[in-house]
Amino acid sequence: MIAVELAHAADFDGWRAAARSLAGAAVAGESVVWRVKGDAADLFGDEPKGPMPAQSAAGALTVSRHFLDLAERVVCHRDPTRFALLYRLLLRLQEQHRLLDHATDDDVFRADAMAKAVRRERHKMTAYVRFREIVTDDGPAFITWFEPEHHVERLSAPFFVDRFAAMRWSILTPEVCAHWDLQALTFTPGTTRDFAPDDDRLEEHWRTYYANIFNPARLKIGAMKREMPMRYWKNLPESSLIPGLIQKASAQSDGMIASVPMAAPKRSPKILAQQEAGKPAARHEGGLDGLRHAAEGCKRCPLWANATQTVFGEGRADAQLLFVGEQPGDKEDLAGRPFIGPAGQLFDRALAAAGIDREAAYVTNAVKHFKNEPRGKRRLHKSPNVSEINACRWWIEQESALLKPRLTIAMGATAVRSLTGESHSVLKTRGQVLASPFVGDVFVTVHPSFLLRLRDEAEKAREYDAFVADLETVRRLAYG
Ligand code: URA
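Residues numbered from 1 in each chain as written. Predicted model: local features only at pLDDT ≥ 70, side-chain atom pairs only at ≥ 80, totals over all residues. Heavy atoms only, no water.

(A) Molecular detail of the site of the ligand. Every residue near the ligand is listed here: Gly325, Glu326, Gln327, Pro328, Gly329, Glu332, Pro338, Phe339, Asn365 and His447. Between Glu326 and the ligand, the recorded distance is 2.7 Å, taken from a backbone N or O atom to an oxygen atom. His447 has a polar side-chain atom sitting 2.6 Å from an oxygen atom of the ligand. Within the complex, the protein chains bury 94% of what would otherwise be the 240 Å² of accessible surface of the ligand. Residue composition of the shell around the ligand, grouped by class: three nonpolar, five polar and two charged. (Near = heavy atom within 4 Å. Polar contact = N/O pair within 3.5 Å; in protein donor to acceptor, adjacent residues only side chain to side chain. Areas by Shrake-Rupley, 256 points an atom, 1.4 Å probe, with all protein chains shown as cover. Nonpolar A, V, L, I, M, F, W, Y, C, P; charged D, E, K, R; others polar.)

(B) Spotlight on the sheet that holds strand S14 (residues 433-436). The strand order across the open sheet formed by six strands is S8-S10-S9-S13-S15-S14, and the pairing between neighbours is mixed. Two strands bound the open sheet, and with one partner strand each, they are strand S8 (314-315) and S14. Sitting on the sheet, helix H18 (residues 457-479) is in contact with strand S9 (321-325), strand S13 (407-411), S14 and strand S15 (440-445), with an inclination near 160 degrees to S15. (Pairing = 2+ DSSP bridges. Helix = DSSP H or I, 4+ residues; strand = E, 2+ residues; numbered from the N terminus. Contact = heavy atoms within 4.5 Å. Axes fitted to C-alpha atoms, helices over the stretch in contact; angles between N-to-C directions.)

(C) Broad picture of the packing of aromatic side chains. The full count for this structure, using the stated rule, is 14 aromatic pairs. The interplanar angle of 90 degrees and the centroid separation of 6.1 Å between the aromatic rings of Phe312 and Trp395 together place this pair among those described as edge-to-face. On the criterion of sequence distance, the pair formed by Phe312 in the loop between helix H11 (287-295) and S8 and Trp395 in helix H14 (residues 386-403) is long-range, its members being 83 residues apart. The pair Phe312 / Trp395 is uniform in exposure class, with both members buried. A connected cluster of aromatic rings, assembled from ring pairs, spans Trp15, Trp34, Phe67, Phe83 and Tyr87. If you follow Lys299 out to its NZ or CZ, it ends over the ring of Trp304, 4.5 Å from the centre. A cation sits over an aromatic face here: Arg349 above Tyr464, 5.0 Å from the ring centre. (Phe/Tyr/Trp six-rings, centres within 6.5 Å; stacked < 30°, edge-to-face > 60°. Buried < 20%, exposed > 50% of the residue type's maximum accessible area, 1.4 Å probe, protein only. Lys NZ or Arg CZ within 6 Å of the ring centre and 35° of its normal.)

(D) Structural detail: the pattern of salt bridges. By the definition in use, this model includes 21 salt bridges. As a salt-bridge pair, Arg358 and Asp348 come within 2.9 Å of each other at their nearest N and O atoms. You can see Arg358 sitting in the loop between helix H13 (342-353) and strand S10 (362-365) and its partner Asp348 sitting in helix H13, a full ten residues away along the chain. A relative accessible area of 33% places Asp348 in the partly exposed class. Among the charged side chains, a salt-bridge network with shared partners connects Arg98, Asp101, Arg430, Glu463 and Asp470. (Salt bridge = Lys/Arg side-chain N within 4 Å of Asp/Glu carboxyl O.)

(E) A look at the pairing of strand S7 (residues 185-189). For strand S6 (residues 176-180) and S7, the ladder comprises five bridges, and the chain directions are antiparallel. Residue pairing for S7: His179 is matched across the bridge by Thr186.

Here it is, written out as structure tokens:
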């Protein structure tokens, strides 16, 4: 038995170094006991422990970036078996290189679930921490108390360094405290809540801010409790406002509805000119042109408000293939045309490789407005939710009814959801033809953006080939 002692509960570097040596020396998972410094003695405490194998034995190990990203999150989970699980995965990956693609495999499933829980907890920490000001000999400092469910303190700390680089701050938690002194990030052992100040003038600022951003029309108490579990409420100054705001919400939202401006938002002259240039010369009510024109003013869901324009489908009216993506991206939103950005370029390449002429097909999206979140000068892509997908389905149904394609191709989960009305795993249904109550036969494949997100070059190349193979199947199904 070999005992590995990690420096702290989220010691990814320690786990990684030990795992490399152990795996390089072919040590079986059952022969390793993983402990965290300061934890109670392990169950095998009495068994004799062997030495760690030498580092040099780790030469031939292969690990993908995907696995390392996953492991970095999984080590932050509170489950005591996380280190052993990751080590088992590491060993299995040496034989089964695509193991992480098998989402239903027990180990992969557990690791994915842990990584997801950690991601959520990190999000909560970055969203719900509220600093309070204290005066110190060195000037003002900001302190906060947080009780994370998983060991996300070290994972989240760099976010606060970026966000509050010009403040001296400390985040106190029961297990580890993070401190930024304007120059370096340091960690000290955990503490108790008594060390965090309870009240100060920043609280008033937060209350005013929260009351101003509170949107009564979005009030969903269930979702609020899920997103911000009540155990966090006590640490938030604004939580004292919530009952009062909830009470006033219905009257306030009626007022908001009554005051919604009826005129379309002003667009920049550049966008207006682009829209004008892109419009069909002869507009008429019928056909695809009439439909495109009608979609320009679509307000079936709230997404129009943040987008530059409707990005309608594009292609030939007699197309045999109808390709459906998720929603326009930043570039598509500005240009008013689908799939012209990075995902579109990859899509074009794959189509050409599969012998499909994009000019002869029709390409559109499940959702016709760009859903985004402004972040500084950038607009971050946000996935559409089910009600937005459902609201926009009407347009796809019309496009499909006019085109009458031989085959509709759903690229990615949003398109599958839109076209079938159900949620199917793309991994499980890929390559299948599903019956749709809205548009006839639907062939399922991945979204080109999925390929863009892969970091491992070999994996990227394999997935690209698989995507081209799917498109070749599409060509055969449609044209024989
Ligand atoms: N992704 C999509 O789903 N559609 C586009 O038009 C561009 C990127």
